[in-house]
Amino acid sequence: MGGDPLAKILTVACAAGAGIAPAAVELTQAAAHLAADMEGELCALMLGVGARAAAPALQAAGADEVITCEEESIADAPGEAGLVALVEACRRLRPTLVLLAADSLGRDWAPRLAYRLGAGLVTEVTDWSVEAGRPVFQRMVFGGKAIAAMAVQGEVAVATVRPGAGRREVPPAPGRGPVEDLGVAIPLAPRWPRIVARQAEERQGPGLEEARVIVSGGRGLGGAEGFLALQELAAAFGGAVGASRAAVDEGWAPATWQIGQTGKTVAPDLYIAVGISGASQHLVGCARAKTIVAINQDPEAPIFDYARLGVVGDWRQVVPELTRAVKEMLPG
Amino acid sequence: MHAIVLVKRVLDPEIPRTAFSVDPERRQPSVPRAPYVLSVFDGNALEVALRLREARGGDLRITALTLGPGPAEEVLRKALALTVDAAAHVLGDEEALGAVAKAEALAAAIRRLPPPDLVLCGRQAADWEAGQLGGMLAEALGLPCVPFVSAVLDPAGTEVLQQLESGQAVYRLRGPTVLTVTNDGQNVLRAAKIKDVMAARGKGIAVFPLGELLAEAGSQAAAPEVETLALRLPAPQRRAEICEGETAGARAARLMRRLRELGAV
């Protein structure tokens, strides 16, 4: 391999108010561990208004050098403008590995960045190891039924990283290094698609990524009304409601409630799957739950091969009884 | 107005775990009598195009495009049965192709078709789930890309709805654009009518040899950028402990007891 003898990893984070999202901290920490394993260094690109103020949070999470870009076009055309910033940061830093979160932005940038850099791309990475000086990435394929180990052949690699990948018990040492502006103007190009409206989801209670308890509904609910019963159960726990892809496709739940390989990845203490058969792509989304409970009318449903505890029965009877039991146990 | 929808023939992702295994030598799935289907998000993309055509009173030409060996024709027949206007097949073995080469071959195919206003594909294929083709195809075509679109909002095809983790965004397009499509309650692929299924059998499909397109695109015939080193099954899990009881109330009570004993609540 030519170029720098040391590995150099670049991660990207978006400024969120005065700081950065927990997911960005998690990715930076995981990247810092990988950089240490490869005897390299970690740089970070921080995007969006407020990036400079948020840079110390990235260094605390293990990034050495930080490049910031506060161009306003990133808000209106995040895919296109963010990509310009990323390409320029790569031109300047010449990383051997670019790590992006497997979220809507990272998934937008990654294939396009890989194409422009002539880099190999591995997406939806769930774990990694270092072999012969290069990272070997793990990812789920075939709807979560198999695990592939993949490695990039060339000099530069791009990867998108799912929540929890590369996590270690002990956080990495904080990084140190310059914080500099990217120094390029990124005007909105005439042919870029632009965001003209946004709608944040309305949610009472915790979001799915933060909730300690999630009650999730699937095709077995038979209709949207079933989700009312799940909301009562979730509320009794102080938790959140999720959905399988089937329930979203039926129109019983919004897409933001979907949990699974192409929905959210969640890691609650308790995950209660109601009327969910247990398709492997759904389980990819909830496999990190500490305890999975399944409530299903069909004793042969695959979910019972993954849950820790199960109840075979009609949710119309079981869920209200469970809600009652929870309220008795956890008043207030 | 012309929309091109990319469609892929994939191993049925609904195969239960019990029927699925892998060939570790070839690093491919091993499923006897394997059922193949249209990749599910490509179905959502087709539905988005079909609905746009309806909103335009029929004034939208839809071309289905696939890349793969002979059997890939099945998904083009399915698209024709759903009344797309034309179908094109980049014929060749795609297993050994890298992602960039695939995108460049498809871009070369698209350049042989009437220029599109929209190019739609599923956000990821239901087999290898990489989610890279849409973005790479946009680059190869020199077009912008909006990913995770679930609907086109206006008959002019200039506004699209994007699904995000925390809500939605509306994008205004400013020219031909690649859209990658995700599912929601509004874009589940409709069922084909029997008469259309019959009619589809006789329709013509344009065939472009893969090698010819790769040469046209000036694509490197190099080895793929990414190597699959291993393919394995996840570790088997233990079956759930079932909370029994005469009544729903008794089962729920037992479940709560066990959750407390396990320290889960």
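Report follows, based on the coordinates. (Residues numbered from 1 in each chain as written. Chains lettered and ligands numbered in written order. Predicted model: local features only at pLDDT ≥ 70, side-chain atom pairs only at ≥ 80, totals over all residues. Heavy atoms only, no water.)

**What about the environment of A:Arg139?**
By secondary structure assignment, the location of A:Arg139 is in strand 7 (residues 134-141). For A:Arg139, a relative accessible area of 2% gives the class buried. Through-space distance from the C-alpha of A:Arg139 to that of A:Ala119 is 18 Å; in sequence the pair is 20 residues apart. Those residues in contact with A:Arg139 that lie beyond four places of it in its chain are A:Val122, A:Thr123, A:Glu124, A:Val125, A:Thr126, A:Ala146, A:Ile147, A:Ala148, A:Met150, B:Trp128, B:Glu129 and B:Ala130. In this structure the side chain of A:Arg139 is engaged in a polar contact, spanning 2.6 Å, whose partner is the backbone oxygen of A:Thr123. (Helix = DSSP H or I, 4+ residues; strand = E, 2+ residues; numbered from the N terminus. Buried < 20%, exposed > 50% of the residue type's maximum accessible area, 1.4 Å probe, protein only. Contact = heavy atoms within 4.5 Å. Polar contact = N/O pair within 3.5 Å; in protein donor to acceptor, adjacent residues only side chain to side chain.)

**A few points about the nonpolar core**
Side chains of a nonpolar character, in soluble globular proteins, are inclined to be buried together. Membership of the largest hydrophobic core comes to 45 residues, with the highest contact counts inside it found for A:Ile9, A:Met46, A:Leu58, A:Leu99, A:Trp128 and B:Phe20. It is helix 1 (residues 22-37) of chain A that contributes the most residues to this core, seven residues altogether. What A:Met46 contacts, discounting residues up to four positions off in sequence, is A:Ala13, A:Cys14, A:Ala15, A:Gly19, A:Ile20, A:Ala51, A:Ala54, A:Leu58, A:Val66, A:Ile67, A:Thr68 and A:Cys69. Counting residues in each nonpolar core, the second largest holds 36 residues, with A:Val213, A:Leu221, A:Ala234 and A:Val241 among its members. (Core = buried A, V, L, I, M, F, W, Y, C linked by side-chain atoms within 4.5 Å.)

**A short note on the interface of chain A and chain B**
The partner chain B presents 81 residues to the 81 residues of chain A that form the contact. Of all residues in chain A, the largest losses of buried area upon contact with chain B belong to A:Tyr115, A:Phe142 and A:Lys145, amounting jointly to 12% of the total for that side. The tally of links from chain A across to chain B stands at five salt bridges. Across the pair A:Arg308 and B:Glu241 runs a salt bridge whose closest N-O atoms are separated by 3.5 Å. One can count 39 residue pairs in polar contact (both at pLDDT 80 or more) joining chain A with chain B. Bridging between strand 8 (residues 146-152) of chain A and strand 14 (residues 226-232) of chain B involves six bridges; their strand directions are antiparallel. From the neighbouring strand, A:Ala149 faces strand 14 of chain B, where its bridge partner is B:Ala230. (Buried area = accessible area lost by both parts, 1.4 Å probe. Salt bridge = Lys/Arg side-chain N within 4 Å of Asp/Glu carboxyl O. Pairing = 2+ DSSP bridges.)

**Focus: the sheet that holds strand 15 (residues 291-296) of chain A**
The parallel open sheet is built from six strands, whose spatial order is 13(A)-12(A)-14(A)-15(A)-16(A)-15(B). Strands with a single pairing partner mark the edges of an open sheet, and in this sheet they are strand 13 (240-243) of chain A together with strand 15 (241-242) of chain B. In this structure, strand 12 (residues 213-217) of chain A lies alongside strand 13 of chain A, joined through four bridges in parallel fashion. For A:Ser216, the partnering residue across the bridge sits in strand 13 of chain A and is A:Gly242. Across the face of the sheet, helix 9 (residues 315-329) of chain A comes into contact with strand 14 (270-274), strand 15 and strand 16 (309-312) of chain A while running at roughly 135 degrees to strand 15 of chain A. (Axes fitted to C-alpha atoms, helices over the stretch in contact; angles between N-to-C directions.)

**Topic: helix 5 (residues 104-117) of chain A**
Residues and elements named next belong to chain A. In this model helix 5 runs 20 Å from its N-terminal to its C-terminal C-alpha over 14 residues, within 8% of the 20 Å that 1.5 Å per residue would give. Of all the bends in helix 5, the greatest, near 25 degrees, is centred on Ala110, and the proline Pro111 appears no more than four residues after it. Taking burial as the measure, the 14 residues of helix 5 include 10 buried ones, the bulk of the element. By the burial criterion, the buried members of helix 5 are Ser104, Gly106, Arg107, Asp108, Trp109, Ala110, Pro111, Arg112, Leu113 and Ala114. Of the residues trailing helix 5, Gly118 is marked for its positive phi of about 70 degrees. (Expected span 1.5 Å × (residues − 1). Bend = angle between axes of the 7 residues up to and from the residue.)

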